[in-house]
Amino acid sequence: MNSMPSDSASMSFVDRVVVPGDHVLDLTGMANQTIKLGAGLRQDGDAISVMKAGKLRISKPNKYWVESSHKRYVPCVEDTVLGIVVDSKFDNFLVDIKAPMLGLLPVLAFEGGTRRNIPKFEIGTLLYVRVVKANNTMNPELSCMDETGKAAEFGPLKDGYMFETSTGLARMLLSSPPCPILESLGKSLSYEIAIGLNGRVWVNAASPSTVILVSNAIMNSEFLSAAQQKIMVEKLMKRLQ
Amino acid sequence: MEQRLANTWQMTVNERKFIEMALAADLRVDDRGPFDYRPCTITFGRHFSFTNRVGGSSEVQLGETRVMSYVTSQLVQPYRDRPNEGTLSIFTEFSPMADPAFEAGRPGEFAIELGRIVDRGLRESGAVDMESLCVVVGKLVWSIRVDLHILDNGGNLIDAANIAALASLLTFRRPECTLGGDDNHELIIHDIEDREPLPLIIHHLPVAVTFAVFGEGNIMVIDPSYKEESVMGGRMTITMNSNGDICAVQKAGIGISSSVIIRCLEICAVKAAEITSKINHAMESFNDGRSIQYPNFHPVDVAIQDNLPDVIMDKKQIENLIGHLAALPLDALDRNSNKSGAVVVGTNTRAKFENNQARDGVPFYSPSNWDPYPRKLCSRLARSSLKLSGLPEDVEEDKVNTTQSVTVECGLEHTKGASSSRALETPSEYTTVEATSQYIKAPKTLKDAVKIQNRKMRK
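Just so it is clear, the model here is predicted, and its values are computed rather than measured.

The rules behind each value
Residues numbered from 1 in each chain as written. Chains lettered and ligands numbered in written order. Predicted model: local features only at pLDDT ≥ 70, side-chain atom pairs only at ≥ 80, totals over all residues. Heavy atoms only, no water. Pairing = 2+ DSSP bridges. Helix = DSSP H or I, 4+ residues; strand = E, 2+ residues; numbered from the N terminus. Buried < 20%, exposed > 50% of the residue type's maximum accessible area, 1.4 Å probe, protein only. Core = buried A, V, L, I, M, F, W, Y, C linked by side-chain atoms within 4.5 Å. Contact = heavy atoms within 4.5 Å. Salt bridge = Lys/Arg side-chain N within 4 Å of Asp/Glu carboxyl O.

**Q** Any chance you could explain the sheet that holds strand β1 (residues 17-18) of chain A here in plain terms?
**A** Across a sheet, paired strands are connected by hydrogen bonds in the backbone, their directions being either parallel or antiparallel. Strand order across the open sheet formed by four strands is β1-β6-β7-β3 (chain A), with mixed pairing between neighbours. Of all strands in the sheet, those bounded by a partner on one side alone are β1 and β3 (36-37) of chain A.

Written as structure tokens, this is what we have:
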């Protein structure tokens, strides 16, 4: 699709949609510099070419990666995801995190966890977990503790409602400054939300109608701009009154 | 085993509890009312090539659910106990791409149940006319096969599959076949380019409406989504047509009280009428597109009203008619000889002629204003002339052997203004046999009428 060879200033490709095969960076003019490549990019001799379709992003001074939105999740270390308990074994819980393979959550990976107080999760429990090891050949390993060993909001989520979205929407919801949809909803409603980078979102509120309203608003906001999101929320609020 | 666990869809405890709690408060998770259907779109297969006008394929999208239906026909031997009826069979294919729970290969329990529900609605309510599918009694009938492919399971497959089956049956056309050859025993299946293919006769549209039962059997919702189906305690499908006739009922799961069932039947009547009008609407827009491309194409009308009296002709008249029809070229069939002394069909049809001309200015005849009576006449003619050719009694050999086709192909009276009034002037003198011909000829002028008259007078 891109017939032009790479520009000397790769800034022209940043924040633009690229497709596999595009050369986004020419290394000949950049000797003695270190460039860090993230997901979706690889080095092809003297040029950096794209492997995954998506938007090219840069983080100063030298980190490049391609961001895309899928329904399937590829586990990455240090990602926080929402998993569903599928089975429990002697030393692991088998947790589904929308990845190609089931995640393994060690039974001791809880704050103050010993062999004596292993939590009992029934099949279908929703957990907020962190990815510790992610390798495309092995089952990803999960944990309900942060690096220091504290619980830090990880663990089972009670009540509420969970729905699935694409990974792109989940990332948008987690962006800082806060996403416009969450902000405008929060101005008039009070709700609790947990967002997993694997595309799962959990919402809880005092009344079921609030939960339904928030979840439908979020699902519909994926392709709306910030202004459109605000307008949609205003319309929904008017309907409530 | 672990891979299978990874691929199946899991439902969380939170979702289950929440859906049940919300339903107890009359709320549905996708913000619908309890008796609201999801948006439904019906699309038809693309048949834009001139040679491929048989139709018969439709795809229905009901929310996230997608079902495709394909209708094909074949000539087979009829069943021994029903020698004059065609057959209709429904096959389902639950592709694993629709749902990880579906497995390729043998159909599971639900696949068979779905096929059976659709089949019962269509066959046992007599929606599709079987007798018109007979070609040679006892030897050859048309077998209609409906294949339902589930493309995406978003809940409520039964309703979507039913709509798809109905839509594809409505647009399906089968090739016309006649008996011909040297001894009238050779079957000719006409190519779709030679003769317009014929639609199926469908008397009414049985529409399936599915209710999901929750709680103690007192909470009902229509058109359950995938998540609601995982949580529901039972299911009830009512197949009804827009007249309010119940064609079939299927129930599974927890018990429902009779008062709730009566309430559901009332709701179903409303929903069935809505869906029927949606199907008809989609059909109309499809047919409009088709007729613009193919001026010879005639749309089929579903609710066929039988409001013309039958013409009773005795055997002698039928023989004479066949003889005359065989003798005359096709476009002269309008002014058929009155030697048989047959009775004229009522004046209603002539009024309809005028209406049709006025419609778009184009002398385009659509059988949607016709009643099925001509088809009956044809089949009776077919059978009687078959009898004639088969049995030695009362046969006038010369007349019968000249019959080239059993189905009566009669020209349509494309008269404008003056000629139609001429038709009115001689009401009782000639037979106008209206038939299922799909022919359209060039608009007839006064000159043609005069020419034909001359020919007859010469005879």
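Moving on from the model shown.
**Q** Quick question: what am I supposed to make of unusual backbone geometry here?
**A** Note: most residues except glycine have negative phi, and most peptide bonds are trans. Residue and element names in this part refer to chain A. Here the residue pair S176 and P177 is connected by a cis peptide bond, since its omega of 10 degrees sits within 30 degrees of zero. Along the chain, the position of P177 falls in the loop between α1 (167-173) and α2 (180-188). In the Ramachandran plot, E78 falls in the positive-phi region, its phi being about 70 degrees despite a non-glycine side chain. Inspection of the secondary structure assignment puts E78 in the loop between β7 (63-67) and β8 (80-88). In this model, A152 sits at a positive phi of 50 degrees, which is unusual for a non-glycine residue. Within the secondary structure, A152 sits in the loop between β12 (141-143) and β13 (155-156). Among the residues examined, A152 registers a relative accessible area of 38% and is labelled partly exposed.

**Q** For this particular structure, what's the right way to read the pairing of strand β5 (residues 47-50) of chain A?
**A** The two faces of a sheet get side chains in turn, since along a regular strand they alternate between them. All names here are of chain A. Of the two faces of β5, the one carrying A47 and S49 and the one carrying I48 and V50 are both buried. Relative to β5, strand β2 (residues 23-26) runs antiparallel, the two being bridged by three bridges. Along β5, the bridge assignment pairs L25 with I48. Strand direction decides the pairing type here: strand β4 (residues 41-44) and β5, joined by four bridges, are antiparallel. Bridge pairing in β5 links Q43 to I48. Counting the residues that bridge the hairpin from β4 to β5 gives two residues, and of these G45 lies at a positive phi of roughly 70 degrees.

**Q** It is not clear to me how the nonpolar core should be interpreted in this structure. Could you clarify?
**A** It is characteristic of soluble globular proteins that their nonpolar side chains tend to be buried jointly. Within the largest apolar cluster, 68 residues are counted, with the highest numbers of intra-cluster contacts made by I42, L122, L169, F211 and I279 of chain B. Here I279 of chain B is in contact with I42, I163, L166, L170 and L205 of chain B, once residues within four sequence places are set aside. If you look at the next biggest cluster of nonpolar residues, it comprises 37 residues, including L173, V201, V211 and V233 of chain A.

**Q** What is the right way to read the pattern of salt bridges from this model?
**A** Where charged atoms of side chains with opposite charge meet at close range, the side chains can pair. Residue and element names in this part refer to chain B. Tallied over the entire structure, the rule returns 25 salt bridges over all chains. Linking E228 and R28 is a salt bridge whose minimum nitrogen-to-oxygen distance equals 2.9 Å. Here E228 is found in helix α5 (residues 226-231), whereas its partner R28 is found in the loop between α2 (13-24) and β1 (40-44), with 200 residues between them in sequence. Considered together, E228 and R28 belong to a single accessibility category, that of buried residues.

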